Amino acid sequence: MDIVSEGNYLMKINIAIDGPSASGKSTIAKRLASELGYIHIDTGAMYRCVAYQAIKQGIDLSDEKSLGEMAQTMDISLSVDGRVFLNHQDVTEEIRQEEISVGASKVSIYANVRTAMVKRQQKMAETKGFIVDGRDIGTVVLPDAEVKIFQTASAASRAVRRYKENLGKGIESDFELLKNEIEQRDYQDMHRKESPLRKAEDAIEIDTSDMTVDQVVSKIISLIAERSYYD
Ligand code: DC
């Protein structure tokens, strides 16, 4: 957001967006990035890459040692236009499969895996101008982020969104099953020992159950503006 105001340039900051599965964090982060001219880092995609590669290599998703070693050596890159590359192969679509969502939730409980990912994420967002979404961004990855959002939505409204998203792709799904899966993943993310999903003390909570994407984006933009950062 390069706004000139009374001779001052608005400084770039870092924005952390945390929240449960399917709460629309990535959609909001992408929109904000394009409106503000920031770079979006989808950290969930990185845990998905760990699960994807482990399944491909036949590594047991409860084998912490092997997962940790793999997480340190694999090459993950996120392009500015939102593509995800794993060892130089485009896996953007593959990592969205349900099997990988479940797998990512399993591998992300391990300290070795998390340490390897957090290190990469901190390196990626070393400077300012990043919008980083995940579960532990405001608490662990970027505790100094200038704006922290904790984005929530009821399990039912998240299941409705997922249901419609699937319909749009021509997939008919079982609503109750979707809702149960979302609740299970919430439980797992909030009750794991390592960096459980929780709101940072200085994060602002936004319940998006009854909000449109536009409404959430403008709310966050006004929060950023309220905390104007000038040179
Ligand atoms: O945001 P997502 O659904 O793509 O994330 C996939 C999984 O990765 C999810 O189960 C939680 C985990 N995750 C995490 O533990 N920490 C993050 N910073 C991001 C995601």
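To be clear, the structure that these remarks concern was listed above.
This one's a predicted model, so the numbers in the text were calculated from it and none came from an experiment. (Residues numbered from 1 in each chain as written. Predicted model: local features only at pLDDT ≥ 70, side-chain atom pairs only at ≥ 80, totals over all residues. Heavy atoms only, no water.)

Novice: Just checking my understanding: could you explain the sheet that holds strand E4 (residues 39-42) for this structure?
Specialist: Two strands in a sheet stick together by hydrogen bonds in their backbones, pointing the same way (parallel) or opposite ways (antiparallel). In spatial order, the strands read E4-E8-E3-E9-E10; together these five strands make up an open sheet with parallel pairing. For this open sheet the edge positions go to E4 and strand E10 (204-207), each flanked by a neighbour on one side alone. Each strand axis lies, on average, 20° off the axis of its neighbour in the sheet, ignoring direction. Sheet strands in contact with helix H1 (residues 25-36) are strand E3 (14-18), E4, strand E8 (130-134) and strand E9 (147-152), and its direction is about 180° off that of E8. Along the sheet face, helix H2 (residues 43-57) touches E4 and E8 and points at about 40° away from the line of E4. (Pairing = 2+ DSSP bridges. Helix = DSSP H or I, 4+ residues; strand = E, 2+ residues; numbered from the N terminus. Axes fitted to C-alpha atoms, helices over the stretch in contact; angles between N-to-C directions. Contact = heavy atoms within 4.5 Å.)

Novice: Please clarify how the pattern of salt bridges should be interpreted in this entry.
Specialist: One side chain can pair with another of opposite charge once the charged atoms of both are near each other. Scanning the model with the defined rule gives 16 salt bridges in all. Across the pair Asp214 and Arg31 runs a salt bridge, and its minimum N-O distance is 2.9 Å. Of the two residues, Asp214 is situated in helix H9 (residues 213-226) and Arg31 in helix H1; the sequence distance between them amounts to 183 residues. Among the ionic pairs, Arg114 bridges to Asp136, the shortest N-O distance being 2.9 Å. On the criterion of sequence distance, the pair formed by Arg114 in helix H5 (residues 111-124) and Asp136 in the loop between E8 and helix H6 (137-141) is long-range, its members being 22 residues apart. Judged by relative accessible area, Asp136 falls into the buried class, the value being 1%. One network of salt bridges, in which partners are shared, links Arg31, Glu35 and Asp214. (Salt bridge = Lys/Arg side-chain N within 4 Å of Asp/Glu carboxyl O. Buried < 20%, exposed > 50% of the residue type's maximum accessible area, 1.4 Å probe, protein only.)

Novice: Explain the pairing of E8 here, please?
Specialist: Counted residue by residue, E8 has five buried out of five residues, so it is predominantly covered. Residue alternation in E8 divides its side chains into two sets, Phe130, Val132 and Gly134 and Ile131 and Asp133, and both sets are buried. As paired elements, E3 and E8 share five bridges and run parallel to each other. When the bridges of E8 are listed, Ile15 appears paired with Ile131. As paired elements, E4 and E8 share four bridges and run parallel to each other. Each bridged residue has a counterpart across the sheet, and for Ile39 the counterpart in E8 is Phe130.

Novice: Even after reading the chapter, I still don't get the pairing of E9, so can you show me in this structure?
Specialist: Across the six residues that make up E9, a large majority, six, are buried. Neither face of E9 is exposed, since Val147, Ile149 and Gln151 on one face and Lys148, Phe150 and Thr152 on the opposite face are all buried. Bridging between E3 and E9 involves four bridges; their strand directions are parallel. In the strand pairing of E9, Asp18 is matched with Phe150. The pairing of E9 with E10 spans four bridges and is parallel. Each residue of the ladder has a partner; that of Ile149, found in E10, is Ile204.

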